[in-house]
Amino acid sequence: MPASPCSHVTLTPIGHIESDYPDKFGVPRQPGLADAARARLVLTAPFDDPLTVRGLEAFSHLWVTFLFHLSPERWTPLVRPPRLGGNARIGVFASRSTHRPNRLGQSLVELEGIDTDDAGVCLRLRSVDLVDGTPVLDIKPYLPWAESRPEARAGFAPEPPPRLPVRINRAAQATLDARPDADSLRALIQQVLAQDPRPAYRKGAEERVYGVRLRDVDVRFRALANTDDQGEGETLLEVVEIVVV
Ligand code: SAM
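Notes on the structure follow. (Residues numbered from 1 in each chain as written. Predicted model: local features only at pLDDT ≥ 70, side-chain atom pairs only at ≥ 80, totals over all residues. Heavy atoms only, no water.)

With that settled, consider the sheet that holds strand S10 (residues 206–214). Spatially, S9-S12-S11-S10 is the arrangement adopted by the 4 strands of the open sheet, whose pairing is mixed. In this open sheet, the two edge strands, each paired with only one partner strand, are strand S9 (166–168) and S10. The sheet shows a mean angle of 30 degrees between the axes of neighbouring strands, direction not considered. Here S9 runs beside strand S12 (residues 233–244); their pairing, made up of 3 bridges, is parallel. Across the sheet, Val 166 pairs through a bridge with Leu 237, a residue of S12. (Pairing = 2+ DSSP bridges. Helix = DSSP H or I, 4+ residues; strand = E, 2+ residues; numbered from the N terminus. Axes fitted to C-alpha atoms, helices over the stretch in contact; angles between N-to-C directions.)

This is how it looks when you write it as structure tokens:
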């Protein structure tokens, strides 16, 4: 058997992401789960030539290939997907884990527009699951006739993750209302918290207050029991404070 003709590759980022997510914690686990999340993909020279994106504006969605630059380089053959509660192990190649050989990620995102000027090329994106600063290695237009497969089997993740109800308390509402981006930030908070960003092994109500960074704020929230008259119900996440950081 001949050895692989290519045993080592060097990749050059074509740009980087500027997003609403300063930290990993709280970022939805796939794109499309929080469509209020906006991002910019800023191309780097020499890829920032407007010729590189000629024709791209005719596509509504893009595949973005990127580096999980905040993940460690070490990897293991088995990982514990949050969807399985964080305990069951499956093969790294049967998962979308960020801890993988080569640390490559792939996200299907919405393309809102392209800005080209003397300063370079910037793609306006939404519905991203990417941390601010993520290096981007490639982009390709999405072809629904070739790549949409609604009949496909989806292993341990056959459905979108469940969503929790979210409540924003009065003090946090007041902080939001005073901001020029009140509506879009409110939508982002609702969509991000509905995914329940807490670690997979945390379920139900708890005393602890968590903080998730979105744009320039720290959104502090806790999990409450959302019981009905019969004392039954699901968990509710309540935003207790919004602090500008
Ligand atoms: N859609 C991509 C995929 O399937 O390859 C990413 C899925 S991965 C499970 C999504 C998670 O990656 C997010 O919840 C966030 O915590 C994490 N993440 C996003 N950008 C990252 C980065 N630059 N470095 C490390 N982790 C990142």
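Attention now goes to the side chain of Gln 195. Positionally, Gln 195 belongs in the loop between helix H3 (182–194) and S10. Here Gln 195 falls in the buried class, since its relative accessible area comes to 12%. In contact with Gln 195, not counting residues within four places along its chain, are Leu 33, Pro 161 and Arg 163. (Buried < 20%, exposed > 50% of the residue type's maximum accessible area, 1.4 Å probe, protein only. Contact = heavy atoms within 4.5 Å.)

Let us look at the packing of aromatic side chains. Under the criterion given, the structure shown has 4 aromatic pairs. Seen from their ring centres, Phe 66 and Phe 68 are 5.0 Å apart, and the 80 degrees between their planes marks the pair as edge-to-face. Considering the side-chain rings of Tyr 210 and Phe 221, the 5.6 Å spacing of their centres and the 20 degrees angle between planes classify their relative orientation as stacked. In this pair, Tyr 210 sits in strand S10 while Phe 221 sits in strand S11 (residues 217–227), placing the two residues 11 residues apart along the sequence. The burial state of Tyr 210 is the same as that of Phe 221; both residues are buried. Cluster of aromatic residues (ring-pair linked, three or more members): Phe 25, Tyr 210 and Phe 221. (Phe/Tyr/Trp six-rings, centres within 6.5 Å; stacked < 30°, edge-to-face > 60°.)

What follows covers the pattern of salt bridges. Under the definition given, this model contains 17 salt bridges. Notably, a salt bridge pairs Asp 177 with Arg 186, separated by 2.5 Å at the nearest N-O pair. Asp 216 is the partner of Arg 179 in a salt bridge, and the nearest nitrogen-oxygen pair spans 2.8 Å. Pair noted here: Arg 179 is in the loop between helix H2 (170–177) and H3 and Asp 216 is in the loop between S10 and S11, with a separation of 37 residues, a long-range link. Note on Arg 179: relative accessible area 17%, which makes it buried. Connected via shared salt-bridge partners are Asp 20, Arg 179, Asp 181, Arg 215 and Asp 216. (Salt bridge = Lys/Arg side-chain N within 4 Å of Asp/Glu carboxyl O.)

Purely spatial values, then, with no claim about function.
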